[in-house]
Amino acid sequence: REGLTEKQTELLHDQFAIANYIENMADIIETNVIPIGRERLDLGVQISDETLQVLHPLFERVLWAAGRALESVAEWDPAIAKEVIDAKVDIARQADEAYQHLIGRVAAPEPGRLPAYRVETELIEAFKRLFYLTKRIAKVVLEVDMAYLKEEADEDAAA
């Protein structure tokens, strides 16, 4: 049995990096998102409909990006990976809009605004971190030597 070529070693390293990013995303969900949700319930924090209208598009966009990043890995498709990376501006804008909304709401006369503000901002931060890792996955796919992958596929098809 022969060893791995240099290109195969690089590809294996890239695949381990992607697996590590996915594991880090799971850690964020386990150690941040779920506890934030539990804390929200324990404190009786209600997220207003107005705030949900601002937060929901951000969350949906991050989830979309994560799905597309994983699809780019499954297909080793740099075009899909580029879509994910290009979403950075849109996601940053949505996060900024959400922060601006929350800043305006923190002084609202409703009870429990400070705990709600903290929970809501922690959610935004968690989703920003999830997108950062999603973007890292896409960058790995974008940087892979696609010519090498095509050569490998052609060799496999010929064998």
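Now for a look at the structure at hand. (Residues numbered from 1 in each chain as written. Predicted model: local features only at pLDDT ≥ 70, side-chain atom pairs only at ≥ 80, totals over all residues. Heavy atoms only, no water.)

### Considerations on the overall build of the protein chain
Phase 1: When helices and strands are counted, the protein chain shows six helices and zero strands.
Phase 2: Written out in order from the N terminus, the α and β elements of the protein chain read α-α-α-α-α-α.
Phase 3: In terms of overall dimensions, the protein chain is more spread out than a globule: its C-alpha atoms have a radius of gyration of 20 Å, far above the 15 Å expected for 159 residues.
Phase 4: Reported as C-alpha extents along the three principal axes, the dimensions of the protein chain are approximately 70 × 30 × 20 Å.
Phase 5: A buried classification covers 35% of the 159 residues belonging to the protein chain.
Phase 6: Within the protein chain, contacts between residues at least 6 apart in sequence are counted, and of these 82% link residues at least 24 apart.
Phase 7: When the accessible surface of the protein chain is split by element, carbon and sulfur atoms take 56% of a total near 9600 Å².
Phase 8: Here the protein chain contributes 18 positively and 31 negatively charged side chains, and the mean placements of these two sets differ by 6 Å. (Helix = DSSP H or I, 4+ residues; strand = E, 2+ residues; numbered from the N terminus. Rg over C-alpha atoms; globule rule 2.2 N^0.38 Å. Buried < 20%, exposed > 50% of the residue type's maximum accessible area, 1.4 Å probe, protein only. Contact = heavy atoms within 4.5 Å. Areas by Shrake-Rupley, 256 points an atom, 1.4 Å probe, with all protein chains shown as cover. Lys, Arg positive; Asp, Glu negative; His and termini not counted. Charge placed at Lys NZ, Arg CZ, Asp CG, Glu CD.)

### Focus on the packing of helix H4 (residues 88-106) against helix H5 (residues 113-143)
Phase 1: Contact geometry of H4 with H5 gives a least axis separation of 10 Å together with a crossing angle of 175 degrees. Accordingly, the angle class assigned to the pair H4 and H5 is roughly antiparallel. On H5, the residues touching Lys88, Ile91, Ala95, Ala98, Tyr99, Leu102, Ile103, Arg105 and Val106 of H4 are Arg113, Leu114, Tyr117, Glu120, Thr121, Ile124, Glu125, Lys128, Phe131 and Lys135. (Axes fitted to C-alpha atoms, helices over the stretch in contact; angles between N-to-C directions. Parallel < 35°, antiparallel > 145°, perpendicular 65-115°, else oblique.)

### Some details on a nonpolar patch on the surface
Phase 1: Side chains of Leu4, Leu12 and Phe16 sit close together on the surface and give an oily, nonpolar patch of about 310 Å² of accessible area.
Phase 2: Residue position: Leu12 is located in helix H1 (residues 6-43).
Phase 3: Among the residues examined, Leu12 registers a relative accessible area of 34% and is labelled partly exposed. (Patch = residues over 30% accessible without salt bridge, like charges linked within 9 Å, V, L, I, M, F, W, Y side chains within 5 Å. Salt bridge = Lys/Arg side-chain N within 4 Å of Asp/Glu carboxyl O.)

### Some remarks on the packing of aromatic side chains
Phase 1: Inspection of the entire model under this criterion finds one aromatic pair.
Phase 2: One cation-aromatic arrangement involves Arg61 over Trp64; the distance from NZ or CZ to the ring centre is 4.2 Å. (Phe/Tyr/Trp six-rings, centres within 6.5 Å; stacked < 30°, edge-to-face > 60°. Lys NZ or Arg CZ within 6 Å of the ring centre and 35° of its normal.)

### Structural notes on the environment of Leu43
Phase 1: Positionally, Leu43 belongs in helix H1.
Phase 2: Separated by 34 residues in sequence, Leu43 and Thr9 place their C-alpha atoms 50 Å apart.
Phase 3: Each residue touching Leu43, except ones within four places of it in the same chain, is listed here: Pro115 and Arg118.

### What to know about the side chain of Glu120
Phase 1: When you line up the elements, Glu120 lands in helix H5.
Phase 2: Look past the residues within four positions of Glu120 in its chain and what remains in contact with it is Ile47, Thr51, Leu55, Leu102 and Arg113.

### With respect to the nonpolar core
Phase 1: In this structure, Ile18, Leu58, Val62, Ile91, Ile124, Phe131 and Ile137 are the most contacted members of the largest nonpolar core, which totals 38 residues.
Phase 2: When residues of this core are traced back to their parent elements, those giving at least two are H1, helix H2 (49-75), helix H3 (78-86), H4 and H5. (Core = buried A, V, L, I, M, F, W, Y, C linked by side-chain atoms within 4.5 Å.)

### With respect to the environment of Arg129
Phase 1: Summarising the element assignment, Arg129 is placed in helix H5.
Phase 2: Counting along the chain gives 114 residues from Arg129 to Gln15, while the straight-line C-alpha distance between them is 20 Å.
Phase 3: With residues up to four places along the chain from it excluded, the contact list for Arg129 reads Ile28 and Asn32.
Phase 4: Only 3.4 Å separates the side chain of Arg129 from the side chain of Asn32, close enough to count as a polar contact. (Polar contact = N/O pair within 3.5 Å; in protein donor to acceptor, adjacent residues only side chain to side chain.)

### Observations concerning the environment of Leu52
Phase 1: Assignment of secondary structure puts Leu52 in helix H2.
Phase 2: Overall, Leu52 belongs to the partly exposed group, its relative accessible area being 39%.
Phase 3: For Leu52 and Ala98, which are 46 residues apart along the polypeptide, the C-alpha to C-alpha distance reads 9.5 Å.
Phase 4: For Leu52, the residues in contact, after removing those within four places along its chain, are Ile47 and Pro57.

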